[in-house]
Amino acid sequence: MKGNEALAEAVIRSGCRFYGGYPITPQNEILEYISWRMPEVGGAFVQAESELAAINMVLGAASAGARALTSSSGPGYSLFQEGISYLVAGDIPAVIIDVARFGSGIGEISQGQCDYKLVTRGNGHGDSHLLVLAPCSVQESVDLMMQAFPLAEKYRHPVILLSDAAIGQMVEPVNLPEPQTVDINRDAWTVKGCKGQDESKKITNVFYYMDDYNSYLRDKYQKMQEEEQRWESIMTEDAQLILVAYGISARVCKEAVRMAREKGVRLGLIRPISIFPYPGKAFKNIPDSCKALMTVEMSITGQMAEDVRLAVNCRYPVYTYGTGIKVPGSSDVVRYASDIIEGKIDKEVF
Amino acid sequence: MVIKAPDRITYTDGHSFCPGCGHGTAIRLIGEVLQELKLEEDSIIVLDVACGGMPIDVWRYDTIEAAHGRPVPTAVGVKMVRPDQPVLAYLGDGAAYSIGLAETIHSARRNDNIVVIVLNNCVFGMTGGQMSPTTLQGQVTTSSPNGKNMESGGATLDVVKLLSSMDIAYLARGAICDAANIRKAKKYIKKAMEKQLNQEGFSLVELLSPCPTNWKMTPSRCADHIKEHVTSIFPVGEFIGKEGEQV
């Protein structure tokens, strides 16, 4: 199946029963697929007048107990920021898909990974961080989508699934999971009418008046740090240099590790699957053989390098091979990594 | 005669409306309508922030406090997953006609089956009385200190003119200024809720409301001002969905 369509089917199978969205390339297949598929399962689809409206519709539907989702790409994701901040403030679980494209402004509809800082550092005003999952294949898009709502509900917090144009547009075989359904009245806190109750349910975004709100929010993020770090490590045990890449770039890096090893260059790879919380645990046992780390990402400024530096506590140099609008080539990755190992690269990022 | 507040309205704690504010009356009217229609245990209400968000503290209905200007799309999200339950959005003129105007118009365009109550006091209240799209020409506000005019603030937006061509269930405007008008306003809110129950679609009821603090008038002077001046710019009445008449 095509990545976006497989992901859209997973949205339905994950029990989502509200989708509001606005067209933007390269994620239109999600909106189009759900437009006919959602009514088949008795759910609600609305093509909203804007991403602003869409995210606030999601807030309403999720507050009323439905599994609710919206999707977009870079420019539209920027417009979600307001609503995301309110979802965090109101402790409202929802899922947001960002099929990343390239660039600032209108950018380009082709693949990109330059929403990294937006999804890990942005997400509106306040202390808003979202749990962010970044698949690197069509199958993993489906698998992580099936985990997204349970995670959102575990923390009463929005979750982002960060795909990109390459994964969204590629066609791969995929195993679809069994459909899940949930009862819209399963949670006590959702608005559903106050029949038989003296008090009513109130979903407000002024929880910060609570005496212990600071520790409440910190504890929530702390629990995510402890329980939700996900990553894949490949041949890091004896690596001279460890590549760090997520999403489509990670696929290239897997190939680069294999090619390098054939040449006798010992590369390894850490592939973050959760990028918030960042999988710092993956960097705890870096071997003595490792001289440096190198992020491979389709951003211009090496947006993820900062997280890697934090993860290694600045004990190793962290380089970036940032290809911007182009998908990195595996042989180029090997060449750049070899140059770092041989001391030919001075600048870590720029 | 016994005058009793609706069962789920509790002014007892937490309310911080200014003396003479129209919100208190509007809240009571909504409460009376929900009780008379026996909808108070089924309804879900979506509020704006600031003054328009404060009803959450004085009633016991299931309520969401939405983002500024977004109660309408938030209410649409609720209604789409709970189509059998009454959903009401309550917001001010700044929310409905300025930052949330697109959302208001598109909900009307879709004829979403919700009720939207807009409390129009012609200013941004909580933030200190700046001009809004419904500020009258010549009105002095904290952001139009010499009086609003076309050059400084543009035209005055009239929601009736804006929505009168749209295929919606109901459009009415009431005024919170005297007993007769308040009774009429309640009738409009009730009719809007009944139209939602009948699956007729989008209803918008605007309530012209005093803001003594920001108008810098006493409550009684505010009432006179609404009767004498505001209603001459914003006529009260039913404009779409009036029973027994062609629209």
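As shown above, the structure is provided for reference.
Values in this document were obtained by computation on a predicted structure and should not be read as measured data.

Rules used in this analysis
- Residues numbered from 1 in each chain as written.
- Chains lettered and ligands numbered in written order.
- Predicted model: local features only at pLDDT ≥ 70, side-chain atom pairs only at ≥ 80, totals over all residues.
- Heavy atoms only, no water.
- Contact = heavy atoms within 4.5 Å.
- Buried area = accessible area lost by both parts, 1.4 Å probe.
- Salt bridge = Lys/Arg side-chain N within 4 Å of Asp/Glu carboxyl O.
- Helix = DSSP H or I, 4+ residues; strand = E, 2+ residues; numbered from the N terminus.
- Nonpolar A, V, L, I, M, F, W, Y, C, P; charged D, E, K, R; others polar.
- Phe/Tyr/Trp six-rings, centres within 6.5 Å; stacked < 30°, edge-to-face > 60°.
- Lys NZ or Arg CZ within 6 Å of the ring centre and 35° of its normal.
- Pairing = 2+ DSSP bridges.
- Axes fitted to C-alpha atoms, helices over the stretch in contact; angles between N-to-C directions.
- 1 Å grid on protein atoms, 1.4 Å probe; cavity = no way out; pocket = protein on both sides within 12 Å on 5 of 7 lines; lining within 4 Å.
- Points joined across faces, edges and corners; volume = space filled by probe spheres on them.

Visitor: What's the story with the interface of chain A and chain B in this structure? I'm lost.
Guide: Interfaces are often described in size by the accessible area the parts lose on coming together. In this assembly, 37 residues from chain A lie in contact with 32 residues from chain B. Both sides together, the interface formed by chain A and chain B hides about 2700 Å², and carbon and sulfur atoms give 54% of it. The tally of links from chain A across to chain B stands at 5 salt bridges. For A:D198, the salt bridge goes to B:R60, with nearest N and O atoms at 2.9 Å. At the level of secondary structure, the elements contributing two or more residues to the side of chain A that touches chain B comprise β2 (44-47), α3 (51-63), α4 (74-89) and β8 (202-203) of chain A. Per-element accounting of the side of chain A that touches chain B gives the leading share, 8 residues, to α3(A). Grouping the amino acids of the side of chain A that touches chain B by side-chain chemistry returns 17 nonpolar, 11 polar and 9 charged.

Visitor: Looking at this structure, how should I read the packing of aromatic side chains?
Guide: The geometry of two aromatic rings is summed up by the distance between their centres and the angle between their planes. Residues and elements named next belong to chain A. In total, this model carries 9 aromatic pairs over all chains according to the counting rule given. On the numbers, 5.9 Å between centres and 35° between planes, the contact of Y213 with Y216 is tilted. On the criterion of helical spacing, the pair formed by Y213 and Y216 is a turn pair, its members being 3 residues apart in helix α8 (residues 213-227). Above the face of the W189 ring, R156 is positioned so that its terminal group lies 3.9 Å from the ring centre.

Visitor: In this structure, what is going on with the sheet that holds strand β14 (residues 318-322) of chain A? I would like to understand it.
Guide: Sheet strands line up and pair through hydrogen bonds in the backbone, either parallel or antiparallel. Residue and element names in this part refer to chain A. Taken together, 5 strands build an open sheet; the order of strands is β9-β11-β10-β13-β14 and the sheet is mixed. Every interior strand has two partners, whereas the edge strands, β9 (231-234) and β14, have only one. Sheet twist, expressed as the mean angle between neighbouring strand axes with direction ignored, is 20°. In this sheet, strand β11 (residues 267-272) lies alongside β9 in antiparallel orientation, the contact comprising 4 bridges.

Visitor: Explain the layout of surface pockets here, please?
Guide: Picture a little ball the size of a water molecule; that probe, rolled over the atoms, points out where space is still empty. Residue and element names in this part refer to chain B. By volume, the largest pocket is sized at about 440 Å³. Around the largest pocket sit 28 residues that line it, and A50, C51, F124, G125 and M126 are the ones nearest its centre. Looking at the lining of the largest pocket, the elements with two or more residues in it are α3 (93-99), β5 (123-124) and α8 (212-215). Of the residues contributing to the lining of the largest pocket, the split by class is 15 nonpolar, 11 polar and 2 charged.

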